[in-house]
Amino acid sequence: MSTQETYKTKVKELLSSGKVKMVIGYKAGTTADRRRPHFMRTPEEVDQLVLDSACITNLSGYLLSEGLLSDGKEIAVFLKPDGIRSINILAAEAQLQSNQVVVLGFDINGSEISALQGERASDFQALTSSSNEARLHKQQHPESARLEQMTPAERFAYWEDAFSRCIKCYACRQACPMCYCRRCIVDNNQPQWVNTSSHTLGNFEWNIVRAFHLAGRCVECGNCGRACPVNIPLGLLNMKMTDEVLQSFNHYPGVSETQEPVLASFKKNDSETFIL
Amino acid sequence: MTRILSSDKLDNCVARWRKAGNKVFGPVKKETTSSYAAVESAAEFDLGLILPDRSVKELFFPQTEPMMRYSIKKQAIDTEDFQPPIEKRIIFGVRPCDASGLAIDDPLFGWDYKDDFWFKRRNNSVIITIACTKSDDFCMCTSLKLAPDSTKGADVMLRPLQNGKGWQVEELTDRGREAVKEIADLLQDSAEPTAPNAMVPEKFNLDACVAWLRNPENFESSFWKEISMRCIGCGSCTFLCPTCHCFDFQDEGDTYNGIRRKNWDSCSFALFTMHTSGHNPRSTQSARWRQRIMHKFNYFPGKFNVNSCSGCGRCSRQCPVDMGITETLQAISTLQP
Ligand code: SF4
Ligand code: SF4
Ligand code: SF4
Ligand code: SF4
């Protein structure tokens, strides 16, 4: 049986036994290469489930939809390794309890998919540790390497040009599972910390604030970059922040839910005398 | 015999219009995104795009616009208005759905208050539309009772020739005639036939949708929650839409000195209707999505007698979760009114 069919059977069981109240997965989209999030509450809705190599969206953010988890009932969600790591971070940051989430794990290798064994995010510790190891030795993306070679002025010009295209639609934020604040700092208007205007300065402020808030938390799922309607290379920013946090603090986000959030923890023996 | 503009003369036209004091715009692909942008020569145009990612509305209603400078002093408050620009513009290669979008928004910007920023730009711009011979899975002008060669909002209509080497020219307004006059000697007579329009299948029955939306009982239908469950509440669909027109005023600066700006805003944002008390009359994403549909196909036509959608398909094409107006109206058109 294909991975998709095996999972269909499993999802039907989960729903008909009442183990979970909802399963979040994928179904076909408008065009052949698109997949849409699919919310299944009855076994009949499982027939539309699609699980293949086009299922790239990290669905974990939907768990934090207002009120969804408040009744304490369990929800199952299809997750790739990056999504499993976001569950660990969300649990570490007290946004959900990982024992309320059934992980339906899968991974994509080229055009093939495979099932990942485990039920709770914590069952995937070996996997998240090995992806930590892999990330440490990952070859630099050619575009990142090109940016590193630039002078600061050239790099500034590169991002100035990229951010000048931003329209402040906040699709990057809304698509990001780690951007869960009910009131984002840019939505705060008393005082207005960040300009809401979408001029180049305002766009700079917005994108840099977001990159900082994601440092050590971003799982590099790519949701933000794919959501951006003007295709700003947000992935490059995320890669850079991930590299910095790895090098400076040996911190790879989402390895487990007991991992301390890197920018929200403090050690007395820290060599720095100043905390930002 | 009709008059045609041959593609190899386009650069001469751009030069001629520029020399006559016009700023020339058209579809341009820059880096990873495309929009209608200012050009110096026709070589910068990308006329092969089905349509630019960003709509033409931003040339009339930019994402952020300074309106007034203020300065609060001990004895007085000084203000200084920013003047809407009055440069003459030729916007070449506008898609019929984008041009229609401008015409759809005209009554809105001139209703209770005449928006100078919009109308000064409108009156100084010539819209040269090119009929579509290509479409994609998201185009849906025909479902909105428009067409790939709709002339709505256009000052000049260009119909591509079958041989791909130019366009048949048809002036539609005085502004259009004026712009064509400036290039009259570059046109030639020809019997070359025009290419067939793009085939854009009708995706839903608009009248059935409108009937359902007008039934007050459907306002609280569970349909809204179901259809919008995956909406993440971003501004992508509204900001790319050629007819969405909501804005917000923001004072930028400090208490004493600053600039008041007019910025795009979106009914998809939770903050859009948030009251100072903290109460939000549209507290859920489904209520916000319902508003977008109701506004476009019920309230707006109720007031201005035209739907606030030209069928460009951008909202569905660019939605991060593959939602959009098309899917919703397709679903509604199968429901009982
Ligand atoms: S910042 Fe982007 S890549 Fe990182 S977790 Fe959020 S959506 Fe994913
Ligand atoms: S998704 Fe892109 S355009 Fe929208 S706010 Fe984010 S960076 Fe800007
Ligand atoms: S429909 Fe799509 S583009 Fe529009 S607000 Fe919802 S998620 Fe964003
Ligand atoms: S609602 Fe969608 S299809 Fe209609 S004009 Fe706006 S973006 Fe285009």
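With that out of the way, let us pick up the overall build of chain A. The helix and strand inventory of chain A stands at 9 helices and 5 strands. Reading chain A from its N end, one meets helices and strands in the order α-β-β-β-α-β-β-α-α-α-α-α-α-α. What you see for chain A is a C-alpha radius of gyration of 20 Å, in line with the 19 Å of a compact globule of 276 residues. Once the C-alpha set of chain A is aligned to its principal axes, its extents read approximately 60 × 50 × 45 Å. Expressed as a percentage of the 276 residues in chain A, the buried residues total 52%. Approximately 13,400 Å² of chain A is accessible, and the part contributed by carbon and sulfur atoms is 52%. Separation of charge centres in chain A, based on 29 positive and 31 negative side chains, amounts to 4 Å.

What follows concerns the overall build of chain B. When you go through chain B residue by residue, the secondary structure sums to 10 helices and 12 strands. In terms of overall size, chain B behaves like a compact globule, its C-alpha atoms giving a radius of gyration of 22 Å where 337 residues would be expected to give roughly 20 Å. Principal axes of the C-alpha set define a box for chain B whose edges measure 65 × 65 × 35 Å. Per-residue burial over chain B gives 56% buried out of 337 residues. Taking contacts inside chain B between residues at least 6 apart in sequence as the whole, the part at least 24 apart equals 72%. Carbon together with sulfur atoms contributes 50% to the accessible area of chain B, which is approximately 15,000 Å² in total. Computing the positive centroid from 43 side-chain charges and the negative centroid from 43, chain B places the two 1 Å apart.

What follows covers the interface of chain B and chain A. Size of an interface, as often reported, equals the accessible area lost when the parts are brought together. Every contact between the two is made by 34 residues of chain B and, on the other side, 34 residues of chain A. Here chain B meets chain A over a buried area of about 3,000 Å², counting both sides, of which 51% is carbon and sulfur. Between chain B and chain A we count 5 salt bridges in total. Across the pair Lys30(B) and Asp161(A) runs a salt bridge whose closest N-O atoms are separated by 2.8 Å. Viewed at the interface, chain A and chain B are joined by 22 residue pairs in polar contact (both at pLDDT 80 or more).

By size, the foremost hydrophobic cluster in this structure holds 131 residues, and its most contacted members are Phe78(A) and Trp224(B). When neighbours within four sequence positions are excluded, Trp224(B) is seen to be in contact with Trp212(B), Leu213(B), Asn218(B), Phe219(B), Ser286(B), Trp289(B), Arg290(B), Ile293(B), Met294(B), Thr328(B) and Ile332(B).

We now examine the site of ligand 4. Residues and elements named next belong to chain B. Near ligand 4, the surroundings consist of 13 residues, among which Cys241, Cys309, Cys312, Gly313 and Cys315 are the closest. Going through the elements one at a time, α8 (285-304) and α9 (314-317) are the ones with two or more residues in the shell around ligand 4. Taken together, the residues of the shell around ligand 4 break down into 7 nonpolar, 3 polar and 3 charged.

What follows is about the site of ligand 3. Every residue close to ligand 3 is listed here: Cys231(B), Ile232(B), Gly233(B), Cys234(B), Ser236(B), Cys237(B), Ser268(B), Trp289(B), Cys319(B), Pro320(B), Val321(B) and Met323(B). Across the shell around ligand 3, the residue classes tally to 9 nonpolar, 3 polar and no charged.

Looking now at the domain arrangement of chain A. All names here are of chain A. When its domains are assigned, chain A resolves into domain 1 (3-128) and domain 2 (134-264). Once you take the C-alpha centre of each, domain 1 and domain 2 turn out to be 25 Å apart. Listed by partner, the interface residues are 21 residues for domain 1 and 18 residues for domain 2. With both chains or domains summed, domain 1 and domain 2 bury close to 1,800 Å², and 51% of this area falls on carbon and sulfur atoms. Its largest share of buried area at the contact with domain 2, domain 1 owes to Arg85, Ile89 and Glu93, together 30% of the area lost on that side. Our enumeration of links across domain 1 and domain 2 arrives at 1 salt bridge. A salt bridge links Glu93 to Arg217, with the nearest nitrogen and oxygen atoms 2.7 Å apart. Inspection of the domain 1/domain 2 interface yields 12 residue pairs in polar contact (both at pLDDT 80 or more). When contributions to the side of domain 1 that touches domain 2 are tallied by element, the ones reaching two or more residues are α2 (81-92) and α3 (125-136). Per-class residue counts for the side of domain 1 that touches domain 2 are 6 nonpolar, 11 polar and 4 charged.

Residue and element names in this part refer to chain A. With 16 residues, helix α9 (residues 234-249) should reach 22 Å at 1.5 Å per residue; the first-to-last C-alpha distance of 22 Å fits that figure. Of all the positions in α9, only Leu234, Leu236, Leu237, Asn238, Met239, Met241, Thr242, Asp243, Val245 and Leu246 are classed as buried. Phi for Asn250, located one or two positions after α9, is positive at around 45°.

Let's shift gears to unusual backbone geometry. Residue and element names in this part refer to chain B. Phi at Glu31 is positive, roughly 50°, even though this residue is not glycine. With respect to the secondary-structure elements, Glu31 resides in the loop between β2 (22-30) and β3 (33-39). For Glu31, a relative accessible area of 55% puts it in the exposed group. Located in the positive-phi region is Lys145, a residue other than glycine, with phi close to 65°.

All names here are of chain B. Domain annotation of chain B identifies domain 1 (2-190) and domain 2 (206-332). The C-alpha-based centres of domain 1 and domain 2 are spaced at 25 Å. On the side of domain 2, 44 residues touch domain 1, which itself brings 43 residues to the contact. Of all residues in domain 1, Tyr70, Phe138 and Met140 bury the most surface against domain 2, accounting for 18% of the area lost on that side. Counting the contacts that link domain 1 with domain 2 gives 4 salt bridges. Measuring nitrogen to oxygen at the nearest pair gives 2.8 Å for the salt bridge that ties Asp115 to Lys262. Remark: the boundary between domain 1 and domain 2 carries 24 residue pairs in polar contact (both at pLDDT 80 or more). Mapped by element, the contributors of at least two residues to the side of domain 1 that touches domain 2 are β4 (64-72) and α2 (96-109). For the side of domain 1 that touches domain 2, the residue count by class is 24 nonpolar, 7 polar and 12 charged.

Residue and element names in this part refer to chain A. Of all 9 residues in strand β4 (residues 101-109), 7 are buried, a share of seventy percent or more. As judged from the 5 bridges shared by strand β3 (residues 75-79) and β4, these two strands associate in the parallel manner. Among the inter-strand pairings, Val77 is bridged to a residue of β4, identified as Val103. With α2 bridging β3 and its parallel neighbour β4, the resulting β-α-β unit is right-handed. The pairing of β4 with strand β5 (residues 112-116) spans 5 bridges and is classified as antiparallel. When the bridges of β5 are listed, Asp107 appears paired with Ser114.

About the thresholds
- Every chain is numbered independently, its residues counted from 1 as its sequence is written.
- Labels follow written order: the first chain is A, the first ligand is 1, and so on.
- Selection of residues for local features in this predicted model requires a pLDDT of at least 70, selection of side-chain atom pairs for listing and counting requires 80 or more, and totals for whole chains, interfaces and linings are taken over all residues.
- Derived side-chain values reflect all non-hydrogen atoms in the structure, with water molecules and hydrogen atoms excluded from consideration.
- Helix numbering and strand numbering both begin at the N terminus, where a helix is a DSSP run of H or I of at least 4 residues and a strand a DSSP run of E of at least 2.
- Using C-alpha atoms as the atom set, the radius of gyration is obtained and then compared with a globule rule of 2.2 Å times the number of residues to the power 0.38.
- Each residue is placed in one exposure class: buried if its accessible area under a 1.4 Å probe, protein chains only, is under 20% of its type's maximum, exposed if it is over 50%, and partly exposed if it falls in between.
- All accessible areas in this document rest on Shrake-Rupley with a 1.4 Å probe, and a residue is counted as covered only by the protein chains that are shown.
- Charge counting treats Lys and Arg as positive and Asp and Glu as negative, with His and both chain ends excluded.
- For this purpose, a charge sits on NZ of Lys, CZ of Arg, CG of Asp or CD of Glu.
- In what follows, a contact means two residues having at least one pair of non-hydrogen atoms within 4.5 Å.
- Summed over both partners, the accessible area (1.4 Å probe) lost when two parts come together is defined as the buried area.
- Salt bridge, as used here: a side-chain nitrogen of Lys or Arg that lies within 4 Å of a carboxyl oxygen of Asp or Glu.
- Residues adjacent in sequence count toward polar contacts only when both atoms are side-chain atoms; beyond that, a polar contact is any pair of N or O atoms within 3.5 Å, and within protein one must be able to donate a hydrogen and the other to accept it.
- To form a nonpolar core, buried Ala, Val, Leu, Ile, Met, Phe, Trp, Tyr and Cys residues must be joined to one another through side-chain atoms within 4.5 Å.
- Throughout, the term near means that a residue has one or more heavy atoms lying within 4 Å of the molecule or strand in question.
- Note that Gly is not counted as nonpolar here; it falls among the polar residues with everything else outside the nonpolar set of Ala, Val, Leu, Ile, Met, Phe, Trp, Tyr, Cys and Pro and the charged set of Asp, Glu, Lys and Arg.
- As annotated, the domain borders come from an automatic or database domain assignment.
- The span one expects for a helix is its residue count, reduced by one, times 1.5 Å.
- Strands qualify as paired when DSSP identifies two bridges or more between them.
- When the strands point away from the viewer and the path from the first strand over the helix to the second turns clockwise, the crossover is right-handed.

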